[in-house]
Amino acid sequence: AISSQKRSELSALRATITGSSRRAGCCRNCCSWLFGRPGFSPMASRLRMKKAGLTTAGVAAACCMVSFVAGLDIKFGEVAPGHIRFYPMEGSLCGDGETAWYGVIEPAVLQEEDAFFVEIMGGAVCFNKTSCEDSWLGAWLGITRFLKEKLRLDDAYVGMLKSGNNIPLSLLAALKPGWLPFTDTHPYAGRRGVYFPTCTADVSMGRHNVTYEDGYSAYHHGGINFLTMLNGVKEKMPDLKKFAVYGGSGGGVAASVWMQGVADLWPSAEVT
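So, a few notes on the structure that sits alongside this text. (Residues numbered from 1 in each chain as written. Predicted model: local features only at pLDDT ≥ 70, side-chain atom pairs only at ≥ 80, totals over all residues. Heavy atoms only, no water.)

Here we come to the pattern of salt bridges. Scanning all chains against the criterion turns up eleven salt bridges. Here Asp73 and Lys75 are joined by a salt bridge, their closest N and O atoms 2.9 Å apart. Overall, Asp73 belongs to the partly exposed group, its relative accessible area being 47%. Lys129 is the salt-bridge partner of Asp214, the closest N and O atoms lying 3.8 Å from each other. Residue Asp214 is located in the loop between strand S6 (208-211) and strand S7 (217-220), and its partner Lys129 is located in helix H5 (residues 129-132); the two are separated by 85 residues in the primary sequence. Given a relative accessible area of 69%, Asp214 falls into the exposed group. (Salt bridge = Lys/Arg side-chain N within 4 Å of Asp/Glu carboxyl O. Buried < 20%, exposed > 50% of the residue type's maximum accessible area, 1.4 Å probe, protein only. Helix = DSSP H or I, 4+ residues; strand = E, 2+ residues; numbered from the N terminus.)

A word on the state of the cysteines. Counting across every chain of the model gives two disulfides. With a sulfur-sulfur separation of 2.2 Å, Cys94 is cross-linked through a disulfide to Cys199. Disulfide Cys94-Cys199: the torsion about the S-S bond is -85°, which places it as left-handed. With a gap of 105 residues between them, Cys94 in the loop between strand S1 (83-93) and strand S2 (99-106) and Cys199 in the loop between strand S5 (192-196) and S6 connect regions that are remote in the sequence. Among the residues examined, Cys94 registers a relative accessible area of 0% and is labelled buried. Two residues share a disulfide in this structure: Cys126 and Cys132, whose sulfurs sit 2.1 Å from each other. Across the S-S bond of Cys126 and Cys132 the torsion is about 80°, and the bridge reads as right-handed. (Disulfide = S-S within 2.5 Å.)

Bringing the layout of surface pockets into the picture now. For the largest pocket, the calculated volume is near 380 Å³. In terms of lining residues, the largest pocket is bounded by 21 residues, among which Met121, Phe146, Leu147, Leu151 and Tyr195 are the most central. It is helix H6 (residues 143-149) that provides the largest number of residues to the lining of the largest pocket, a total of three residues. Residue composition of the lining of the largest pocket, grouped by class: 15 nonpolar, four polar and two charged. One number sums up the size of the second largest pocket: a volume of about 210 Å³. Lining the second largest pocket are 15 residues, and of these Ala108, Pro181, Thr183, Asp184 and Ala189 lie nearest its centre. For the lining of the second largest pocket, a count of residues per class yields eight nonpolar, five polar and two charged. (1 Å grid on protein atoms, 1.4 Å probe; cavity = no way out; pocket = protein on both sides within 12 Å on 5 of 7 lines; lining within 4 Å. Points joined across faces, edges and corners; volume = space filled by probe spheres on them. Nonpolar A, V, L, I, M, F, W, Y, C, P; charged D, E, K, R; others polar.)

Next up on the list: the packing of aromatic side chains. Here the distance between the centres and the angle between the planes together describe a pair of aromatic rings. Using the criterion set out here, one finds 13 aromatic pairs in the structure. On the basis of an interplanar angle of 90° and a centroid distance of 5.0 Å, the ring pair of Phe196 and Phe226 is categorised as edge-to-face. In this pair, Phe196 is assigned in strand S5 and Phe226 in helix H9 (residues 222-236), connecting sequence segments 30 residues apart. (Phe/Tyr/Trp six-rings, centres within 6.5 Å; stacked < 30°, edge-to-face > 60°.)

Turning to the sheet that holds strand S8 (residues 242-247), a few remarks are in order. The mixed open sheet is built from seven strands, whose spatial order is S4-S1-S2-S5-S3-S8-S9. Each of the sheet's edge strands pairs with one partner strand only, and the pair in question is strand S4 (167-168) and strand S9 (270-271). The strands touched by helix H10 (residues 250-265) are strand S3 (115-120), S8 and S9; relative to S8, the strand with the most contacts, the crossing angle is about 155°. (Pairing = 2+ DSSP bridges. Contact = heavy atoms within 4.5 Å. Axes fitted to C-alpha atoms, helices over the stretch in contact; angles between N-to-C directions.)

Looking now at empty space enclosed by the protein. To find leftover empty space, one rolls a probe the size of a water molecule over the atoms. The final tally for this structure, using the stated rule, is one cavity of 30 Å³ or more. When its volume is computed, the largest cavity comes out at roughly 40 Å³.

Turning our eyes to something else, we now look at the side chain of Arg85. With respect to the helices and strands, Arg85 occurs in strand S1. A residue is classified by how much of its surface remains accessible, and Arg85, at 19% relative accessible area, is buried. At 2.9 Å, the side chain of Arg85 forms a polar contact with the backbone oxygen of Glu78. Every residue in contact with Arg85, bar those within four places of it in the chain, is listed here: Glu78, Val79, Tyr102, Gly103, Val104, Gly164, Asn165 and Asn166. (Polar contact = N/O pair within 3.5 Å; in protein donor to acceptor, adjacent residues only side chain to side chain.)

Turning to the packing of H9 against H10, a few remarks are in order. Contact geometry for H9 and H10: axes closest at 11 Å, N-to-C directions at 30°. With respect to H10, the element H9 is oriented roughly parallel. The element H9 and its partner H10 pack so that their crossing is right-handed. When H9 is examined against H10, the residues Gly223, Phe226, Leu227, Leu230, Asn231 and Lys234 are found in contact with a partner set consisting of Trp258, Val262 and Leu265. (Parallel < 35°, antiparallel > 145°, perpendicular 65-115°, else oblique. Left-handed = near helix turned anticlockwise from the far one by under 90°.)

Below, the structure written as structure tokens:
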């Protein structure tokens, strides 16, 4: 059973997060996931965290420290209309230590200058050595590994994606990366956006290095990476009126967690 001391520590952390944080609204949402609704069970919260490969402090910071993570220098002007361009997130890591990446999308025709979207790629979670080394779950710990093992892309194709060149969205559609605006019938076809590849196996919430059994290490930095991207968008587009954040599978979980954080960053925006 959980000790009375640990129970007190968790209760104190919960009160601190929900009561005094500058990001109280976001933190309340995180606490609902971490600590549950009325009838709070510390043991249940620890199990949730263990299954997600996260720490309580990690999720609290991912939800509540939006203001304290430096943003990317996102170069929207470099992307050609109707294209996507992938950039390395220098200093940001995937779970296996590889540099994380993000894709900037420029619509064929910009119709909504004050609207934006982010799609978070779907992905699995790993939470111990066995799951992180699993041939299916572990593939989401690195961009290159995922592209080669799951999408069966050769070195030339992976190199093209990482080249920093403009890639027609129509070319990317064949890979079925998600629900991106590949046609002008897509509801976000007239917006700029970011495609956020999953490569940390922590539903974009983690902010720590972890050593599992037998010395196996992983970098669960998804929360840090996502904050870095969001703050980069905020620096370039501080007055957005509409912001859509979504994803499939694990990306959908991440989107639901980060929606309040997006609303905090753009308080006047309609966030969906």
